[in-house]
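# Chains, contacts and geometry: an overview
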Amino acid sequence: MAPPSVLENCLEDSNSETYPDINWEDIGFSLVPTDYMYVMKCAKGEKFSHGNLIRYGTFEVSPAAGILNYGQGIFEGLKAYRTEEGSILLFRPEENALRMKAGADRLCMTSPSVEQFINAVKDTVLANKRWVPPAGRGTLYLRPLLMGTGAALGVGPSTEYTFLIYCSPVSNYHKGPLNFKVEEKLYRAISGLSGTGGIKSVTNYAPVYPATTEAKAEGFSDVLFLDAATGKHIEEGSACNMFVVKGNAICTPTTDGAILPGITRKSVIAIAIDLGYQVMERGVTVEEMLVADELFCTGTAVVVNNIASVTYKNTKIEYKTGAETVAQKLRKTLLGIQTGTIEDRKGWTVRVL
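Residues numbered from 1 in each chain as written. Predicted model: local features only at pLDDT ≥ 70, side-chain atom pairs only at ≥ 80, totals over all residues. Heavy atoms only, no water.

## Remarks on the domain arrangement of the protein
Counted only if it meets this: Domain delimitation in this document rests on an assignment produced automatically or drawn from a domain database. Joining two parts hides part of their accessible area as seen by a 1.4 Å probe, and the buried area is that hidden amount summed over both. Just to be clear on terms, a salt bridge is a Lys or Arg side-chain nitrogen sitting within 4 Å of an Asp or Glu carboxyl oxygen.
Parsing the protein into structural domains produces domain 1 (19-170) and domain 2 (178-339). Using C-alpha coordinates to define each centre, domain 1 is positioned 25 Å away from domain 2. Both sides of the domain 1 and domain 2 interface together cover about 1,900 Å² of buried area, and 64% of this is carbon and sulfur. Taken as a group, Phe-75, Phe-91 and Arg-99 account for 33% of the area that domain 1 buries against domain 2, more than any other trio of residues on that side. In this structure, the connection of domain 1 to domain 2 is made through 1 salt bridge. Among the ionic pairs, Lys-266 bridges to Glu-95, the shortest N-O distance being 3.2 Å.

## Re helix H4 (residues 114-127)
Rules: The secondary structure listing takes helices from DSSP runs of H or I that are at least 4 residues long and strands from runs of E that are at least 2 residues long, numbered from the N terminus. Each residue after the first adds 1.5 Å to the expected span of a helix. Residue exposure (1.4 Å probe, protein chains only): buried if accessible area is under 20% of the type maximum, exposed if over 50%, otherwise partly exposed.
Taking 1.5 Å per residue as the helical rise, H4 with its 14 residues ought to reach 20 Å, and the 20 Å between its terminal C-alpha atoms agrees with that figure. Every buried residue of H4 is listed here: Gln-116, Phe-117, Ile-118, Ala-120, Val-121, Thr-124, Val-125 and Ala-127.

## A closer look at the pattern of salt bridges
When the charged atoms of two side chains lie near each other, side chains of opposite charge can form a pair. Inspection of every chain in the model, using the stated rule, returns 16 salt bridges. The salt bridge involving Glu-184 is made with Lys-313; its shortest N-O contact spans 2.8 Å. One end of the pair, Glu-184, is in the loop between strand S8 (178-183) and helix H5 (209-217); the other, Lys-313, is in the loop between strand S14 (303-312) and strand S15 (315-318), with 129 residues separating them in the sequence. Note on Glu-184: relative accessible area 34%, which makes it partly exposed. In this structure, a network of salt bridges that share partners links the residues Arg-92, Glu-95 and Lys-266.

## Let's talk about a nonpolar patch on the surface
Basically, it comes down to this: Patch definition: residues above 30% relative accessible area lacking any salt bridge, with like charges linked at up to 9 Å and the nonpolar side chains Val, Leu, Ile, Met, Phe, Trp and Tyr linked at up to 5 Å. For the accessible areas, the method is Shrake-Rupley and the probe is 1.4 Å, while residue cover comes only from the protein chains on display.
A cluster of nonpolar side chains, contributed by Phe-59, Val-61 and Leu-68, occupies part of the molecular surface with about 260 Å² of accessible area. Structurally, the position occupied by Phe-59 is in the loop between strand S2 (52-55) and helix H2 (66-69).

## Considering the nonpolar core
Put simply, the rule is: Each nonpolar core is a collection of buried residues, namely Ala, Val, Leu, Ile, Met, Phe, Trp, Tyr and Cys, held together in the definition by side-chain atoms within 4.5 Å. Note on definitions: a residue-residue contact is assigned when non-hydrogen atoms from the two residues lie within 4.5 Å.
Counting 37 residues, the largest nonpolar core has Leu-90, Phe-117, Val-121, Val-125, Leu-142, Leu-146 and Phe-163 as its most contacted members. Elements with a minimum of two residues in this core: strand S1 (36-43), strand S4 (78-82), strand S5 (88-91), helix H3 (93-106), H4, strand S6 (139-148) and strand S7 (160-170). Looking at this core element by element, the count peaks at 6 residues for H4. Sequence-distant contacts of Val-125, defined by excluding residues within four places in its chain, comprise Ala-80, Ile-88, Leu-90, Val-132, Leu-140, Leu-142 and Val-352. Of all hydrophobic cores here, the second largest spans 21 residues; its members include Phe-180, Cys-251, Ile-307 and Val-310.

## Let's talk about the confidence of the model for the protein
Short version of the rule: Along the chain, pLDDT gives the predictor's confidence residue by residue, from 0 to 100.
Scored by pLDDT, the protein comes out at a mean of 94, with 95% of its residues at no less than 70. Note that residues 1-5 has pLDDT below 50 and, in this model, 9 contacts with residues that lie over four places away or in other chains.

## Details of the environment of Ile-271
Tracing the chain through its elements places Ile-271 in helix H6 (residues 263-274). On the accessibility criterion, Ile-271 (3% relative accessible area) is buried. Separated by 74 residues in the primary sequence, Ile-271 and Gly-197 have C-alpha atoms spaced 25 Å apart. Those residues within four positions of Ile-271 in sequence are excluded, and the remaining contacts are Leu-330, Thr-333, Leu-334, Ile-337 and Trp-348.

## Observations regarding the UniProt feature "modified residue: N6-(pyridoxal phosphate)lysine" (unreviewed entry) in the protein
Condition: UniProt positions are given in the numbering used here, feature names are shortened, and annotations may be inferred rather than shown by experiment.
Look at the UniProt record and you will see "modified residue: N6-(pyridoxal phosphate)lysine" (unreviewed entry) annotated at Lys-200. Ignoring any residue separated from it by four or fewer positions in sequence, one finds Lys-200 in contact with Gly-73, Ile-74, Phe-75, Glu-76, Arg-99, Tyr-205 and Leu-260.

## With respect to the environment of Ile-118
Note that Ile-118 resides in helix H4. Taking the C-alpha atoms as reference, Ile-118 lies 9.5 Å from Leu-90; in sequence the two are 28 residues apart.

As structure tokens, this is what we get:
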């Protein structure tokens, strides 16, 4: 049974242009509870049909739910951007919908259609539009979740699935220069197509906590993981794709099943090609990374960010940073498209308001 809808009250609230009493400069990338979340359910073997906006808060789930016992769940991340004129834009939400479907297929889950996904995201943004920061002061981060919520004791696909979206205003994911540490003992995903590194399974993230916790305790910003097969090629950070720059050439590890096909990654590749750079998707060795001119990371949360240094086997390698780097040129163009200050000639943005 679907949760009770508060759509009418929600629409009344969303008509207000009053921002919440919040200091946008201090929000960082931490959860700020907003007004509404979106919930839609379906039974195994059926299709999603109709969802509801309800007040943000806790919800009940059986202790025998598939998400709690067997990790049957995936999530997405995307942002809503306020333009200088006051409009609100989404960036390539259909790509998030398609990636969620790919993850759902891998985990034997029913997923919402692309249209249902995008409409649910739009509804969530409109219901929480007062939480979309002013232009240039942050974004509204949206977290769609797909979970097995049916109760079952045995191992197997859930009998019920819940699609949920909540949101939070955010600003910068990282503060200050980024200094990564190469992790040589733990791996985030098995190599090749047989694992789940290429989808946003909820089970992919907690296993990296020991490595990231240790690295941050040592003063590093994040960890750079290597491939599990040989330990000779770079893969990802804990939540970002990696790019290596040498001269006019930009290389990024291929998404071969172990690496998440990032939407920001995909967009940056297209922008870099348009700007005249030679872009290659292939295996990138540690040795190649160590002699690069630049190293940068991409992701919905991190956007495009220079990495100032990488420490490998206790040796610190430093890279170019600053406004004239390739990474910052790509970042400027990407953000310009996302926020409406640069014409979107690729049809990437979707207007919500």
